[in-house]
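# Chain and residue survey
Spelled out from the first residue to the last, the chains are:
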Amino acid sequence: MNAAIIFGLLIALMLTGMPISIALGLSVLTFLFTMTTVPIEAVALKLFTGIENFEIMAIPFFILSGNFLTHGGVARRMINFATAMIGHWHGGLGLAGVMACALFAAISGSSPATVVAIGSIILPAMVAQGFPKRFGAGVITTSGALGILIPPSIVMVMYSVATSGAVVFGPDGQRVSSASISTLFVAGVIPGLMLAALLGLTTWYRARKFGYPRMPKASWRERWVAFRKSVWGLLLIVLVLGGIYTGAFTPTEAAAVSAVYAFVIALFVYRDLTWRDVPRVLLDSANMSAMLLYIITNAVLFSFLMTSEQIPQAMASWITGAGLNWVVFLLIVNLLLLIAGNVMEPSSIVLIMAPILFPIAAKLGIDPVHFGILIVVNMEVGMCHPPVGLNLYVASGITRMGITELTIAVWPWLLTMLGFLAVVTYVPAISLWLPRLLGMM
């Protein structure tokens, strides 16, 4: 009954058009003041301690790094490198767009940043070369979603933070720990590369089927020149991921290193960013970070209410008592997250749903790392379908296309993503093989 009241109030407030963060906070405070005896001091303490987490600092640093890279010419050089390598295949520029999105995702951690950085450069080039605008929009909108699956990923950081305080137990009664950020980053490598390959295959097939243009094959000298010009951006992948996987620094320290490195190469190496641009980049990063941290703060309060009312534990007991196994549960989770993706953006979904679903998943013996990757892939799909698909709105601003037209444009790639989601859901080895190989699990 309490769960129905809380979620009913939250949905009602969201339907008024109220921002998710404020709706979360008001729902929690209304319930606490009217239906519980929880002292208000506990609420204030939870607000403070909830975000007093060293790992949360990775979020503003990765946002800052992505903004420096977006404005610093790194994306253009990555596109030139990708074009030189695979531009002569069917749908060459489209395939180069997929490859460039995968490379940029490995240094930005954000899907909208990837769509903006790659799409604003390659889409006009594709239209000029004779590609239909819908084809180019479909490629970039969906490939940009790789930004939250290929590590580093801001959404993975949020999942780790959202589940870190949960006290959960497995089917054998042993306590289950939440997934660390570094383990999630490693787990995202294989799924990220697989999805990039599948999106590239879809692009290649459609380009071959409809006879879209190919580019002249680049010589090895041209490929070397393109690689040499993009190497400073590519080195960031090695620096950040290599540093995390070798234990040289934590994910939060890696985010700080990434921000400093991106600043240096954008301002002093490539020189596409001037000192006059720096205050604007800092302000944009601060605005986005403040928005996400405000959502996190209210989501922590919401998670506190869920825990105090024993709602996740009650749901876990009901599901196990009803005889539902992990196969059916994961199907329900996918449907629930895809429906949530229709009305909410990824960070809010993860921060609200992860603390509720994670204890149930643990009770059914589902690995926390596998469950985290599953949630991230769901968020990718949600970013590419209406009505609140964030990538659709970003791509709409770049292409000057309506949301309805964009929705039609992304369908072939969206179906590929849905098929991949089904495979990732029921083949845990895709997510868990690499962390186990590296001894992280």
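Residues numbered from 1 in each chain as written. Predicted model: local features only at pLDDT ≥ 70, side-chain atom pairs only at ≥ 80, totals over all residues. Heavy atoms only, no water.

## Here's the deal with the packing of aromatic side chains
Stated precisely, the cut-off is as follows: Stacked, tilted and edge-to-face pairs are distinguished by plane angle, under 30 degrees for stacked and over 60 for edge-to-face with tilted covering the rest, among Phe, Tyr and Trp rings (Trp via its six-membered ring) whose centres lie within 6.5 Å. Where helices and strands are cited, they refer to DSSP runs of H or I of at least four residues and of E of at least two residues respectively, numbered from the N terminus. Each residue's exposure class comes from its accessible area (1.4 Å probe, protein chains only) as a fraction of the maximum for that residue type: buried when under 20%, exposed when over 50%, partly exposed otherwise.
Counting across every chain of the model gives 14 aromatic pairs. Pairing Phe135 with Trp413 gives two aromatic rings, centres 5.5 Å apart and planes at 70°, and the pair type is edge-to-face. Remark: Trp413 occurs in helix H20 (residues 403–426) and Phe135 occurs in helix H8 (residues 133–143); sequence separation between them is 278 residues. Grouping residues by exposure puts Phe135 and Trp413 together as buried.

## Examining the nonpolar core
What counts here: We call a set of buried residues a nonpolar core when its members are Ala, Val, Leu, Ile, Met, Phe, Trp, Tyr or Cys and they connect through side-chain atoms within 4.5 Å of each other. Any pair of residues with heavy atoms lying within 4.5 Å of one another is described as a contacting pair.
Ranked by size, the top nonpolar core spans 148 residues in total, and within it Ile118, Tyr159, Phe302, Phe329 and Phe371 carry the most contacts. Take this core: its biggest share by element is twelve residues, from helix H14 (residues 278–308). Residues contacting Ile118, with those up to four places away along its chain left out, are Ala75, Ile79, Gly97, Ala100, Cys101, Phe104 and Ile140.

## A short note on the packing of helix H6 (residues 92–108) against helix H11 (residues 189–210)
How we decide: In this analysis an axis means a line fitted to C-alpha atoms, helices contributing only their contacting stretch, and an angle means the value between N-to-C directions, from 0 to 180 degrees. Here is the rule for angles: anything less than 35 degrees is roughly parallel, anything more than 145 is roughly antiparallel, 65 through 115 is roughly perpendicular, and the remaining ranges are oblique. Each crossing is labelled by how the near helix is turned from the far one, with a counterclockwise turn of less than a right angle marking it left-handed and a clockwise turn marking it right-handed. Amino acids are sorted into nonpolar (Ala, Val, Leu, Ile, Met, Phe, Trp, Tyr, Cys and Pro), charged (Asp, Glu, Lys and Arg) and polar (every other residue, Gly among them).
In contact at an axis separation of 9 Å, H6 and H11 are set at 170° when each is read in the N-to-C sense. What the angle tells us is that H6 and H11 run roughly antiparallel. As for the relative orientation of H6 and H11, their crossing is right-handed in sense. Counted together, Gly94, Leu95, Val98 and Ala102 of H6 and Ala196, Leu199, Gly200, Thr203 and Trp204 of H11 form the full contact between these two elements. Within the contact of H6 with H11, the residues separate by chemical class into six nonpolar, three polar and no charged.

## Some details on the pattern of salt bridges
Stated formally: Here a salt bridge means any side-chain nitrogen of Lys or Arg lying within 4 Å of a carboxyl oxygen belonging to Asp or Glu.
Counting across every chain of the model gives four salt bridges. Here Asp272 and Arg76 are joined by a salt bridge, their closest N and O atoms 3.3 Å apart. Within this pair, whereas Asp272 is found in the loop between helix H13 (251–269) and H14, its partner Arg76 is found in helix H5 (residues 74–86), the two being separated by 196 residues in sequence. Residue Arg76 is classed as partly exposed on the basis of its relative accessible area, which comes to 36%. Here Arg134 makes a salt bridge to Glu405, at a shortest N to O gap of 3.5 Å. With Arg134 in helix H8 and Glu405 in helix H20, this residue pair connects regions lying 271 residues apart in the sequence. For Glu405, a relative accessible area of 33% corresponds to the partly exposed category. Put simply, Arg76, Arg77 and Asp272 are held in one network by salt bridges that share partners.

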